[in-house]
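Now for the letters of each chain:
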Number of protein chains: 2
Amino acid sequence: MRVSESGEFGLIAELRKILSGDREDIILPPGDDAAVFRAPGGELMAFTTDALVEGVHFDRAYVSWRALGYKSLAVNISDLAAMGGCPSSFALVVLGLPEDIEVENINHLYEGMMKCGEKFSCRIVGGDIVRSPRQLFISVSVIGGLPRETFLTRAGAGTGQSIMITGTLGDSAIGLDWLKRGGGGENACARKHLYPEPRLREGKRALELGAAAAIDVSDGLLRDLGHICEESGVGARIMAQEIPISAAAFETARELDEDALGAALSGGEDYELIVIADEENALAMRAEIGLVRIGEITQGSGVTVLDASGRMMQLEKTGYDHFGGA
Amino acid sequence: MRVSESGEFGLIAELRKILSGDREDIILPPGDDAAVFRAPGGELMAFTTDALVEGVHFDRAYVSWRALGYKSLAVNISDLAAMGGCPSSFALVVLGLPEDIEVENINHLYEGMMKCGEKFSCRIVGGDIVRSPRQLFISVSVIGGLPRETFLTRAGAGTGQSIMITGTLGDSAIGLDWLKRGGGGENACARKHLYPEPRLREGKRALELGAAAAIDVSDGLLRDLGHICEESGVGARIMAQEIPISAAAFETARELDEDALGAALSGGEDYELIVIADEENALAMRAEIGLVRIGEITQGSGVTVLDASGRMMQLEKTGYDHFGGA
């Protein structure tokens, strides 16, 4: 079977089987937003990595070097946010570069990365630069100490709990289409696509307020909520009309003749957090961090979406798989 | 200026300027084999990353998936060895995959990686799988706790100290040429190219026995010893006839009509350690870890190589720069 048939998630499932083990210092094994292990000094560390590949995750035609640098770090910090946050972290950066790239552009890339790092207390401590003639790529890994013995995973959701979301969804996917069609980066959706805001503060506070599970929205709401359902052994029901969608997303989608709700359900790269919590804790989170309730955890499996009249919606796209697999 | 003109080391020097800072938890800033920072729990952690790119660092025509997996982890563990070793470590793996790759091959890649991890107490805890249509790449990052408050850098060498080396040099470059010309992987040089042995034990012991500086030989003896000279503000003089070269390297080089000494001086990827130490400590290391003395640290700058009659050798190649820059 080829990678294109197995799909990203099939491949990950396969590798989790190979990698699963029982060493007691591995607290959270492969498969979640970040790995968690116990450092020799005793504290828990969250460790994550993400790569952006030219032609797959970005196109230099509409992503500036600065935005590329910013985003390559932001997507990793978002993984830490989904674990409940690290007060500070350290990053290593691998740049795979074609030879014709201007050194000045690499400086801009690092400036963007450092801007993100300063904002979220992540320090770039080193890396590797390699030649990659046919394709630019940036691979970043980030490690941070977890402040307490608890953290959030995809596996903690229980029946009856609330499903909540930070910010708004769909902006990034709509912003990407806007950029692809030649629109400028000053559009609010485009800006969210280029400079996503990892929800580090919100993740930390959600953990403190008793959240049960979390994940960041990188592959789309349906897909990522689906991961929580799989790992927690539950189902989810969400109300389409409760999903927070920005005015900019509605407006830009209209200009592009696109469906804002579709983008909010299936569009990737918003880097908002899905947070699951008991009703009581959920109320505190809604009041204090502004989370929006979009549905609840159910028995069974899979994600169901109800329209305004309570009917189950038929959905075509469910999210983003890097290899287009099932 | 383009990356191809600036060269890998010019680019790294540029980025070090951007990244240099003064946060007190950064113990060893960008530029050495690994970054060192203080974890919230108080202990020092060594953090390193390295990537292998198809067509640049390997060719699937003569590198098996298992070897590729093994080596992608080994080169990172070698960086830890050059710091004085970590008793145990954790790794994240980013795979950038073209779509037509067989899932079975990815399993073999992971098996090779885990074989290396088991041998050197490095546990693979997660990673990311992304699509990379035009070029396969593997980016690995490894983190480990340093057992004490001291570690080895490139900057500690002082005039009069001994320059020593673990194992033999040149095998990997000769083994690569052997493979390129259709030779099999059972050749000892080819085997060293495919399955390099990070010198974790030796690095740890050298630190305990009072080594002053170290680096692993990834870009070639002259180039890597040159890094020690630059960072320590010293020069180096080595005796060509003292450089340890294996019988297999001499024999394979003869079959290929190549120069074994040239490979030992300039060939990359042996992943042996260059260790610098005071005479007294050097004697203990030579006796106990089998290090071989090849020269001494001098005043001035740059690396000088003397032939058997004590004359300065004229050298054409000085090592490997990923972008072919100066």
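What you see is a predicted model, and the numbers here were worked out from it, not measured in a lab. (Residues numbered from 1 in each chain as written. Chains lettered and ligands numbered in written order. Predicted model: local features only at pLDDT ≥ 70, side-chain atom pairs only at ≥ 80, totals over all residues. Heavy atoms only, no water.)

Undergrad: Just checking my understanding: could you explain the sheet that holds strand 4 (residues 89-97) of chain B for this structure?
TA: Two pairing modes exist for strands in a sheet, parallel and antiparallel, and in both the strands are linked by backbone hydrogen bonds. Residue and element names in this part refer to chain B. Across the sheet, six strands lie side by side as 1-2-3-6-4-5; this open sheet has mixed pairing. Lying at the two open borders of the sheet, with one neighbouring strand each, are strand 1 (26-28) and strand 5 (122-131). Adjacent strand axes in the sheet meet at a mean angle of 20° when their direction is disregarded. Seen against the sheet, helix 2 (residues 65-82) touches strand 3 (44-53), strand 4, strand 5 and strand 6 (137-145) and runs at an angle of roughly 145° to strand 3. Where helix 3 (residues 103-119) meets the sheet, its contacts fall on strand 4, strand 5 and strand 6, and the angle it forms with strand 4 comes to roughly 160°. (Pairing = 2+ DSSP bridges. Helix = DSSP H or I, 4+ residues; strand = E, 2+ residues; numbered from the N terminus. Axes fitted to C-alpha atoms, helices over the stretch in contact; angles between N-to-C directions. Contact = heavy atoms within 4.5 Å.)

Undergrad: Can you walk me through the state of the cysteines in this structure?
TA: Two cysteines joined by a covalent bond between their sulfur atoms form a disulfide. Evaluated as defined, the whole model comprises zero disulfides over all chains. Left without a disulfide partner, C116 of chain A is nearest to the cysteine sulfur of C122 of chain A, which lies 7.4 Å away. (Disulfide = S-S within 2.5 Å.)

Undergrad: What exactly am I supposed to notice about the sheet that holds strand 6 (residues 137-145) of chain A here?
TA: All names here are of chain A. Pairing in this open sheet of six strands is mixed, and the strands run 1-2-3-6-4-5 from one edge to the other. Single-partner strands in this sheet number two, and they are strand 1 (26-28) and strand 5 (122-131). Taking the axes of each pair of neighbouring strands and ignoring which way they run, one obtains an average angle of 20° across the sheet. Pairing geometry for strand 4 (residues 89-97) and strand 6, over eight bridges, is antiparallel. Pairing of L92 across the sheet is with S141, part of strand 6. Its contacts with the sheet put helix 2 (residues 65-82) on strand 3 (44-53), strand 4, strand 5 and strand 6, and the angle it makes with strand 3 is roughly 145°. The strands touched by helix 3 (residues 103-119) within the sheet are strand 4, strand 5 and strand 6, with strand 4 carrying the most contacts at an inclination of about 160°.

Undergrad: Even after reading the chapter, I still don't get the packing of helix 3 of chain A against helix 1 (residues 3-19) of chain B, so can you show me in this structure?
TA: Two measures define how a pair of helices packs: the angle their axes make with one another and the distance between the axes. Remark: helix 3 of chain A packs on helix 1 of chain B, axes separated minimally by 10 Å, with the N-to-C direction vectors making an angle of 30°. When the axis of helix 3 of chain A is compared with that of helix 1 of chain B, the two are roughly parallel. Two packed elements cross with a definite hand, and for helix 3 of chain A against helix 1 of chain B that hand is right-handed. Taken together, the residues of helix 1 of chain B that come into contact with helix 3 of chain A (itself represented by V103, I106, N107, Y110 and M114 of chain A) are V3, S6, L11, E14, L15, I18 and L19 of chain B. (Parallel < 35°, antiparallel > 145°, perpendicular 65-115°, else oblique. Left-handed = near helix turned anticlockwise from the far one by under 90°.)

Undergrad: For this particular structure, what's the right way to read the interface of chain A and chain B?
TA: One frequent convention defines the size of an interface as the accessible area lost when the parts assemble. Across the boundary between the two partners, chain A contributes 75 residues, which contact 76 residues of chain B. Roughly 6700 Å² is buried in total at the junction of chain A and chain B, and carbon and sulfur atoms are behind 66% of that figure. If you sort the residues of chain A by the area they bury against chain B, R123, I129 and R131 of chain A come out on top, with a joint share of 10%. Linking chain A with chain B are two salt bridges. Linking E102 of chain A and R2 of chain B is a salt bridge whose minimum nitrogen-to-oxygen distance equals 3.3 Å. Those elements that provide at least two residues to the side of chain A that touches chain B are helix 1 (3-19), strand 2 (35-38), strand 3, strand 4, helix 3, strand 5 and strand 6 of chain A. Split into classes, the residues belonging to the side of chain A that touches chain B amount to 40 nonpolar, 19 polar and 16 charged. (Buried area = accessible area lost by both parts, 1.4 Å probe. Salt bridge = Lys/Arg side-chain N within 4 Å of Asp/Glu carboxyl O. Nonpolar A, V, L, I, M, F, W, Y, C, P; charged D, E, K, R; others polar.)

Undergrad: Would you take a moment to explain the UniProt feature "domain: PurM-like N-terminal" (unreviewed entry) in chain A for this structure?
TA: According to UniProt, the "domain: PurM-like N-terminal" (unreviewed entry) feature falls on residues 31-144 of chain A. Secondary structure over residues 31-144 of chain A splits into 31% helix and 36% strand, and the C-alpha atoms at its two ends are 18 Å apart. (UniProt positions renumbered as here; feature names shortened; annotations may be inferred.)

Undergrad: Explanation requested: the relation of the copies chain A and chain B in the structure shown.
TA: There are two copies of the chain, and a rotation about an axis plus a shift along that axis relates them. Between the two copies, chain A and chain B, the superposition gives an RMSD of 0.0 Å; the rotation angle is 180° and the shift along the axis is 0.0 Å. As the rotation angle and translation indicate, the two copies are arranged about a two-fold axis. In terms of proximity to the rotation axis, the leading residue of chain A is G41 of chain A, whose C-alpha is 2.8 Å off the axis. A symmetric contact is evident, with 100% of the interface residues of chain A recurring at the interface of chain B. (Least-squares fit on C-alpha atoms with pLDDT ≥ 70 in both.)

Undergrad: Please clarify how the environment of V63 of chain A should be interpreted in this entry.
TA: Residues and elements named next belong to chain A. Following the sequence through the fold, V63 ends up in the loop between strand 3 and helix 2. Taking C-alpha positions, V63 is 28 Å from G85, a pair spaced 22 residues apart along the chain. Other than its neighbours up to four places away in sequence, V63 contacts F58, L68 and L194.

Undergrad: Would you mind going over the side chain of D224 of chain A with me for this structure?
TA: Residue and element names in this part refer to chain A. Residue position: D224 is located in helix 7 (residues 221-232). R154 provides the closest opposite charge to the buried, unpaired D224, separated from it by 5.7 Å. Other than its neighbours up to four places away in sequence, D224 contacts I215, D216, V217, S218, D219 and I274. (Buried < 20%, exposed > 50% of the residue type's maximum accessible area, 1.4 Å probe, protein only. Lys, Arg positive; Asp, Glu negative; His and termini not counted.)

Undergrad: Help me out: how do you make sense of the packing of aromatic side chains in this one?
TA: Here a ring pair, both rings aromatic, is described through the centre-centre distance and the interplanar angle of the planes. Tallied over the entire structure, the rule returns eight aromatic pairs over all chains. Here F37 of chain A and F90 of chain B contribute two aromatic rings whose centre-to-centre distance is 3.8 Å and whose plane-to-plane angle is 15°, an arrangement assigned as stacked. Here F37 of chain A is found in strand 2, whereas its partner F90 of chain B is found in strand 4 on a different chain. Here the basic side chain of K115 of chain A rests over the ring of Y195 of chain A, its NZ or CZ set 5.3 Å away from the ring centre. (Phe/Tyr/Trp six-rings, centres within 6.5 Å; stacked < 30°, edge-to-face > 60°. Lys NZ or Arg CZ within 6 Å of the ring centre and 35° of its normal.)

Undergrad: Looking at this model, I keep getting lost on the domain arrangement of chain A. Mind explaining?
TA: Residue and element names in this part refer to chain A. As far as domains go, chain A holds domain 1 (32-145) and domain 2 (162-306). A separation of 22 Å is found between the C-alpha centroids of domain 1 and domain 2. Counting from both sides, the interface comprises 22 residues of domain 1 and, opposite them, 20 residues of domain 2. With both chains or domains summed, domain 1 and domain 2 bury close to 1900 Å², and 61% of this area falls on carbon and sulfur atoms. On the surface where domain 1 and domain 2 come into contact, there are two salt bridges. Across the pair E269 and K71 runs a salt bridge, and its minimum N-O distance is 3.0 Å. Linking domain 1 to domain 2 there are six residue pairs in polar contact (both at pLDDT 80 or more). With 12 residues, helix 2 is the largest single contributor of residues to the side of domain 1 that touches domain 2. A breakdown of the residues in the side of domain 1 that touches domain 2 according to their chemical character gives 13 nonpolar, four polar and five charged. (Domains from an automatic or database assignment. Polar contact = N/O pair within 3.5 Å; in protein donor to acceptor, adjacent residues only side chain to side chain.)

Undergrad: Which parts of the structure should I look at to understand the nonpolar core?
TA: If you look at the biggest cluster of nonpolar residues, it comprises 99 residues, and the most contacted ones within it are I106, L221, I238, I274 and M285 of chain B. Judged by nonpolar contacts, the second largest core, of 98 residues, contains W178, A190, L256 and I297 of chain A. (Core = buried A, V, L, I, M, F, W, Y, C linked by side-chain atoms within 4.5 Å.)

Undergrad: Got a minute to help me understand the UniProt feature "binding site: Mg(2+) 3" (unreviewed entry) in chain A in this structure?
TA: Residues and elements named next belong to chain A. The sites that carry the UniProt feature "binding site: Mg(2+) 3" (unreviewed entry) are, in the present numbering, D33, D79 and D216. For this annotated set, covering 184 residues, all C-alpha atoms fall within 7.9 Å of each other, a compact arrangement in space. Not counting residues up to four positions away in its chain, the partners in contact with D79 are D33, T48, D50 and D216. Mapping D216 onto the fold places it in strand 8 (residues 213-216). The contacts of D216, once residues within four sequence positions are left out, are D33, V75, S78, D79, A82, D224, Y271, E272 and L273. Within the local environment of D216, its side chain forms a polar contact with the side chain of S78, the two groups lying 2.6 Å apart.

Undergrad: Honestly, the pattern of salt bridges in this entry has me stumped. Any pointers?
TA: Where charged atoms of side chains with opposite charge meet at close range, the side chains can pair. Residues and elements named next belong to chain A. Evaluated as defined, the whole model comprises 44 salt bridges over all chains. The shortest N-O distance in the salt bridge between R154 and D33 comes to 3.3 Å. In this pair, R154 sits in the loop between strand 6 and strand 7 (162-165) while D33 sits in the loop between strand 1 and strand 2, placing the two residues 121 residues apart along the sequence. An identical accessibility class is assigned to R154 and D33; each is buried. The salt bridge partner of E296 is R293, with a shortest N-O separation of 3.8 Å.

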